[in-house]
Amino acid sequence: MNTIAAYTKFEILGAIRIPMVFVALLFLPTVGMLLFVVPALGDDPVAATLSTGSMCLFTVLIICSAQYGLGIADARMKPWGGYVRTLPGGPVPKMVSMIAMSSVFVVAGSIPLIAIAVIGTEATASFLDVLLGLGALVLAVIPFSLLMLAIGYAVNPYLVSVITSIAPIILAYLGGLFTDPNSTGGFTSNVSPFIPTRGSAELVWAAIGDYTPNALSMVMLGVWTVVLAFLAYRAYRSDEGKRFR
C-alpha cells in the first residue's frame, strides 16, 4: 500500500506541474457542451441530463488517452522514464497509481461540465445522483486506462500520438455517446453493446437518470476489462524485457 501511495503522489505531482495540459484536455468536452448540448438539448431535462453524462465520459476518454498513451510514449523515450521503471514495486503499483490519478482528474474535469449543465440547460439530477454519476465515471477510468496503457507500452512511441488522437472520438462514436441513448436502430445501436464505451456510458446514464443498462453491454464491459488488464500487463512486461535485458 505504501508503494502505491508513493507512486500516486509521484504521478499527481508530476501532472500538476503543467496545469495548462489539463485545461487543454477539457477543451473538446466543453465545446461539445456549449455548441451541441446547451443549444440543441438544453430545454429537454432528460436529454440534457444524459448528454451531460456522455460529455463527462468523453472527458474520461481524452484524459486517459493523453495520460497513458502520450504520457507513457514520452516517458519511454526519455532517460527519466527508464530510471523510474527501475524503482521497486513492479507494474501493479505503477498502474494502480496512474488509475488513481486519472480518477482525481476525471472528477475535477467533470465539475465544469456539470456547472454548464446547471447554468445553461434544464438538466435535472439530485446531489446523490451526481455523486453516483461521478462514481460511475471513476469506474469507467479502469477499462480505458488499461486500453491506453496497452497502447502506450506496445506501440512504437512515434505512432502513439496518432492512435491516441483519434481513439477517443472513435470509441465515443461507436459507443453511442453522440446519439440518443434510447435509440434502437442504426449502425451504432447494433455495434455499441460490444464496445466498452457503451457499458461505461450506460452505468453513468443509470446513475444520473431514468435509464436501465443493457445486460449485454454490462457483460461485454466486464470481458473487455479483463482482456485489457491482461494486455496492459503483458505490454508493460514486454517493454520492460526489451529495454532492460
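Our subject in this report is the structure included herewith. (Residues numbered from 1 in each chain as written. Predicted model: local features only at pLDDT ≥ 70, side-chain atom pairs only at ≥ 80, totals over all residues. Heavy atoms only, no water.)

Observations regarding the overall build of the chain
Our working definition: A run of H or I in DSSP counts as a helix once it spans at least four residues, and a run of E counts as a strand once it spans at least two, with each numbered from the N terminus. The buried label goes to any residue with under 20% of its type's maximum accessible area, the exposed label to any with over 50%, and the partly exposed label to all in between, with areas taken from a 1.4 Å probe on protein chains only. Note on contacts: a residue pair is in contact if any heavy atoms of the two residues lie within 4.5 Å. In this description, accessible areas are obtained by the Shrake-Rupley approach with a 1.4 Å probe, and a residue is regarded as covered only by the protein chains that are shown.
In terms of helices and strands, the chain carries eleven helices and zero strands. A buried classification covers 46% of the 245 residues belonging to the chain. Restricting the contact set of the chain to residue pairs at least 6 apart, pairs at least 24 apart contribute 79%. On the chain, roughly 12100 Å² of surface is accessible, and the fraction owed to carbon and sulfur atoms is 72%.

Notes on the nonpolar core
Nonpolar side chains in soluble globular proteins generally cluster together in the buried interior. Keep this limit in mind: By nonpolar core is meant a set of buried Ala, Val, Leu, Ile, Met, Phe, Trp, Tyr and Cys residues that side-chain atoms within 4.5 Å join together.
Among the nonpolar cores identified, the biggest contains 51 residues, and Leu 57, Val 60, Tyr 68, Leu 137, Phe 144 and Leu 149 are the most heavily contacted of them. Looking at this core, the elements with two or more residues in it are α3 (27–41), α4 (45–76), α6 (91–120), α7 (127–154), α8 (157–174), α10 (196–208) and α11 (215–244). Here this core takes 13 residues from α7, the largest share from any one element. Dropping the residues within four chain positions of it, Tyr 68 is found in contact with Ala 73, Met 98, Ile 99, Ser 102, Ser 145, Met 148, Leu 149 and Gly 152.

So, the pattern of salt bridges
Quick reminder of the rule: Think of a salt bridge as a Lys or Arg side-chain nitrogen and an Asp or Glu carboxyl oxygen that are within 4 Å of each other.
For the structure on display, the rule yields one salt bridge. A salt bridge links Glu 202 to Arg 198, with the shortest nitrogen-to-oxygen separation between them at 3.0 Å. Within this pair, Glu 202 and its partner Arg 198 are both found in helix α10, separated by four residues, close to a single helical turn. For the pair formed by Glu 202 and Arg 198, the shared burial category is buried.

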